[in-house]
Amino acid sequence: MQAIQIRNLRIDPPLLLAPMLGLTHSALRLIMLGFGGVGLLSTEMLSAKRLPGENSSISPYLLRTEREGPLSYQLLTSNDKEIDRAMDALQLLKADAVDLNMGCPSSAVGKFGAGVVLMEQPEEARRIVAEARLRTSLPLSVKIRLGSYADSRKLKAFCSMLEGEGVDMLTVHARFKHESFARRPRWAYIAEIKECIKIPVIANGGVFSVEDAETCLRVSGADGLMLGRGAVIRPWLFAEIARTVFGRYISEPVASLPDIYSAFVQTLNANYRPVYRLVRLKGFTKYFAQNYKFGHSLASRVQSSSSMDEAIERACTFFANNKSEINYVSQ
Ligand SMILES: Cc1cc2nc3c(=O)[nH]c(=O)nc-3n(C[C@H](O)[C@H](O)[C@H](O)COP(=O)(O)O)c2cc1C
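We now turn to the structure provided with this report.

Counting residues in each nonpolar core, the largest one holds 112 residues, and the members touching the most others are Leu100, Met102, Ile144 and Leu170. When residues are assigned to domains, this core turns out to be shared by domain 1 (4–244) and domain 2 (257–321), each giving three or more. Every residue in contact with Met102, bar those within four places of it in the chain, is listed here: Gly115, Val116, Leu118, Met119, Ala125, Ile128, Val129, Val142, Lys143, Ile144, Arg145 and Phe158. Core analysis: the second largest hydrophobic core is formed by five residues, Met45, Cys104, Val109 and Ala114 among them.

Here it is, written out as structure tokens:
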């Protein structure tokens, strides 16, 4: 499978980390980088309105170490007037790429006309994309869902509009607006989008294993994959897919689950101010705990902790009493 080249950015292997609120931050990115196999990292969604006022040296959303690249910054906006200043801020932050969120189904976001509701307002979406294209020469991508309901013509017209306005790459979370994560993603719809546009299309949704990655690529015909929750549960999943599906040489990691958890805690403690640590540990644990048969118990014990020390002590007790099925990730 080919690397993706958009403008001056090479995405190799074509495996992208999904933007995830509260999850896709520096500590998670560093854990994944330790295993390798990620072609493009991401931030969580950032408000285009608030971004210019954020202090990047203390903001937990903007924290980034030198190792974290290439890194795409995702903007959430419903207003093209916010784009100009947001792009200036991203230039200063040395963003490697910019993504526009047109897929978030949350009603809190939709109330402001942002996220997936933009797919129902193509003229608004066009204005935002056109302004973004005008204001940056960075690689520009858009992340969408399949729309509100099955309407292939409308979906294709929306994607063609994005391409026509100068978007360099499109990511498709293969679910309709109201579909929950419990539903199987509809990867086949991505194949229809591929028929009508020439820019690289990235498939997203429901990839939790090498087998899922192979099936998703076959069914969707996509140029690459974006992994979200699967890579939080198994931060080595990128490396496994890169090795097995894309034939990249990446050495087999040797680390136990408690080692990985401990490395995550250390990174939080080293890089984040105390007030920002616990909420991020709770967010990560919710997913990482799924490696264990009784992981819900780990997740709930950490969730109800009121300090980092308490959470770590509870996690250590859990690890001592519970052996995972995956003991060493190299096995
Ligand atoms: C906790 C959480 C937060 C998310 N936040 C964002 C976000 O900030 N921006 C975005 O475009 N999508 C967001 N998403 C959606 C993911 O990027 C992705 O599309 C979705 O999880 C499906 O991929 P997956 O099955 O690989 O997890 C979020 C998903 C989760 C679970």
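This part covers the site of the ligand. Residues in contact with the ligand amount to 18 residues; listed here are only the nearest, Pro19, Leu21, Asn204, Gly206 and Arg229. The side chain of Asn204 places a nitrogen or oxygen atom 2.5 Å from an oxygen atom of the ligand. Note that an oxygen atom of the ligand is positioned 2.6 Å from one of the side-chain N or O atoms of Arg229. Relative to its unbound accessible area of 600 Å², the ligand is 88% covered by the protein chains.

With that settled, consider the sheet that holds strand β9 (residues 201–204). Ordered in space as β3-β10-β9-β8-β7-β6-β5-β4, the eight strands form an open sheet in which the pairing is parallel. Edge strands, defined here as strands with exactly one partner in the open sheet, are β3 (15–17) and β4 (41–47). Pairwise comparison of adjacent strand axes, ignoring direction, gives a mean angle of 25° for this sheet. Summarising the sheet, strand β6 (residues 97–102) and strand β7 (residues 140–144) pair through five bridges and their orientation is parallel. Among the inter-strand pairings, Asp99 is bridged to a residue of β7, identified as Ser141. On top of the sheet, helix α6 (residues 188–196) reaches β8 (169–173) and β9; it is set at about 170° to β9, its chief contact.

For the structure on display, the rule yields 10 aromatic pairs. Considering the side-chain rings of Phe284 and Phe288, the 5.1 Å spacing of their centres and the 20° angle between planes classify their relative orientation as stacked. Here Phe284 pairs with Phe288, and both are found in helix α11 (residues 274–288), just four residues apart, close to one helical turn. Residues Phe284 and Phe288 agree in their burial class; the two are buried. Relative to Phe319, the ring of Tyr292 lies with its centre 5.7 Å away and its plane at 40°, an arrangement referred to as tilted. Here Tyr292 is found in the loop between α11 and α12 (295–303), whereas its partner Phe319 is found in helix α13 (residues 308–321), with 27 residues between them in sequence. Ring-pair connections join several aromatic residues into one group, and the members of that group are Tyr261, Phe264, Phe284, Phe288, Tyr292, Phe318 and Phe319. The residue whose ring lies beneath Arg280 is Tyr61, and the NZ or CZ to ring-centre distance is 5.8 Å.

Conventions we followed
Residues numbered from 1 in each chain as written. Predicted model: local features only at pLDDT ≥ 70, side-chain atom pairs only at ≥ 80, totals over all residues. Heavy atoms only, no water. Core = buried A, V, L, I, M, F, W, Y, C linked by side-chain atoms within 4.5 Å. Buried < 20%, exposed > 50% of the residue type's maximum accessible area, 1.4 Å probe, protein only. Domains from an automatic or database assignment. Contact = heavy atoms within 4.5 Å. Near = heavy atom within 4 Å. Polar contact = N/O pair within 3.5 Å; in protein donor to acceptor, adjacent residues only side chain to side chain. Areas by Shrake-Rupley, 256 points an atom, 1.4 Å probe, with all protein chains shown as cover. Pairing = 2+ DSSP bridges. Helix = DSSP H or I, 4+ residues; strand = E, 2+ residues; numbered from the N terminus. Axes fitted to C-alpha atoms, helices over the stretch in contact; angles between N-to-C directions. Phe/Tyr/Trp six-rings, centres within 6.5 Å; stacked < 30°, edge-to-face > 60°. Lys NZ or Arg CZ within 6 Å of the ring centre and 35° of its normal.

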